[in-house]
Amino acid sequence: MGYYLTIDQGNSSAKVVVWHNDEPIGEHYFESLSVAHIESLINIHGIDAAIYCSVAAVGTDIMNSLSQKCHLAIELTHLTPMPITIGYATPHTLGRDRIATAVGAQCRFPDTTVLVVDMGTAVTYDVVDSNACFIGGNIAPGVNMRLEAMHHFTARLPIVDPNGDLPTWGYDTTTAMRAGAINGVVAEIEHYYRQLPAGSKVIITGGWAQAISPLLSIDHEIDPLLVNRGLNCILRYNETK
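Sequence order sets the numbering: in each chain, residues are counted from 1 along the sequence as written. For this predicted model, a pLDDT threshold of at least 70 governs which residues receive local features, and a threshold of 80 or more governs which side-chain atom pairs are given and counted, while totals over whole chains, interfaces and linings are taken from all residues. Hydrogens are left out, water is left out, and the side-chain values use all remaining heavy atoms of the structure.

Looking at this structure, I do not really get the nonpolar core. What am I missing?
Soluble, globular proteins show a tendency: their nonpolar side chains are buried together. The term nonpolar core refers to a set of buried residues drawn from Ala, Val, Leu, Ile, Met, Phe, Trp, Tyr and Cys, joined through side-chain atoms within 4.5 Å. Here's how the labels work: a residue is buried when its accessible area is under 20% of the maximum for its type, exposed when over 50%, partly exposed in between, all with a 1.4 Å probe on protein chains only. One finds Ile51, Leu76, Met82, Ile84, Leu231 and Leu235 to be the most contacted residues of the largest nonpolar core, which totals 25 residues. When residues of this core are traced back to their parent elements, those giving at least two are strand S2 (14–20), strand S4 (49–54), strand S5 (72–75), helix H3 (96–108) and helix H7 (226–239). Broken down by element, the residue count for this core peaks at 5 residues, all from H7. The contact rule is simple, with two residues in contact once any of their heavy atoms fall within 4.5 Å. Those residues in contact with Leu231 that lie beyond four places of it in its chain are Thr6, Ile7, Asp8, Ile51, Cys53, Leu76 and Ala100. Grouped together as the second largest cluster of nonpolar side chains are 24 residues, Val117, Val127, Met177 and Ile204 included. Each helix corresponds to a stretch of at least 4 residues labelled H or I by DSSP, and each strand to a stretch of at least 2 residues labelled E; elements are numbered beginning at the N terminus.

Sorry, what's going on with the pattern of salt bridges here?
A side chain with one charge may pair with a side chain of the opposite charge, provided their charged atoms come close. Any carboxyl oxygen of Asp or Glu that lies within 4 Å of a side-chain nitrogen of Lys or Arg is treated as forming a salt bridge with it. The full count for this structure, using the stated rule, is 7 salt bridges. Where Glu75 meets Arg96, a salt bridge forms, and the shortest distance between an N and an O atom there is 2.9 Å. Taken together, the residues span a long stretch of sequence, with Glu75 in strand S5 and Arg96 in helix H3 at a distance of 21 residues. The exposure class of Arg96 is partly exposed, given its relative accessible area of 23%. Between Asp223 and Arg229 there is a salt bridge, with the nearest N and O atoms lying 2.7 Å from each other. On the basis of relative accessible area, Asp223 is assigned to the buried category, the value being 3%. When salt bridges that share partners are traced, they join Arg108, Glu221, Asp223 and Arg229 into one network.

Whenever I open this one, the sheet that holds strand S6 (residues 85–86) confuses me. Can you help?
Either a parallel or an antiparallel arrangement is found when strands of a sheet pair, and the pairing is made through backbone hydrogen bonds. DSSP calls a pair of strands paired once it identifies at least 2 bridges connecting them. Pairing is mixed across the open sheet formed by 6 strands, whose spatial order is S6-S9-S8-S7-S10-S11. On the outer flanks of this sheet lie S6 and strand S11 (221–222), each paired with one strand and no other. Across 6 bridges, the pairing between strand S7 (residues 114–119) and strand S8 (residues 122–128) is antiparallel. Among the inter-strand pairings, Val117 is bridged to a residue of S8, identified as Tyr125.

Just to check I follow, could you spell out the environment of Val35 for this structure?
Looking at the secondary structure, you find Val35 in helix H1 (residues 35–45). Sequence separation of Val35 and Asn131 is 96 residues, and the distance between their C-alpha atoms is 38 Å. Setting aside residues no more than four positions away along its own chain, Val35 makes contact with Asp61, Ile62 and Ser65.

Have a look at this one:
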């Protein structure tokens, strides 16, 4: 085998990546993913194996199509064989995208403790240790959620655009709220990093990764394809089973 399809279905859109072994050769984004989209990619690239990860409802039609068209088709769950173990008390409640990012981090940095930060609507902070065990993580509001919550739950704080001047200390209400939300995420990342063993790695991904990266004082990697990279690692791991 050599051509793989990874599908990361979020709440509002899907990111689909075509891989040749470990190299991404095509990235596709769909607001509404359909069987026609999937079958077109399978036919164009001669896909051998595919994996589907959804944080929403399972796409039964898509899984049926993958099963018919591909030699190997997997729907990711916490029970899927994978190259990490999950040390989470309730693995069935663990977001499938969090599982995928953890695997992606382990594949990039084997035998190393990694902090994985996924910055979207919420920010997740997950740790994979040097023994390839997902030991747990935390969930916090994302930047936009913090700003919206401050407006919603107070009488006078305004709606604030997250883009704009970002001082260390706000000089008016707008900059105070923006700096509090964005610098709060930066501080959280650096705090969690300090809890890890020396030599640990940090990978950030998600929609806010590019904006947060220049603000960090710690070494880190940006990987916008981390969920799909982890899915590809899981898919290739299952090829050998």
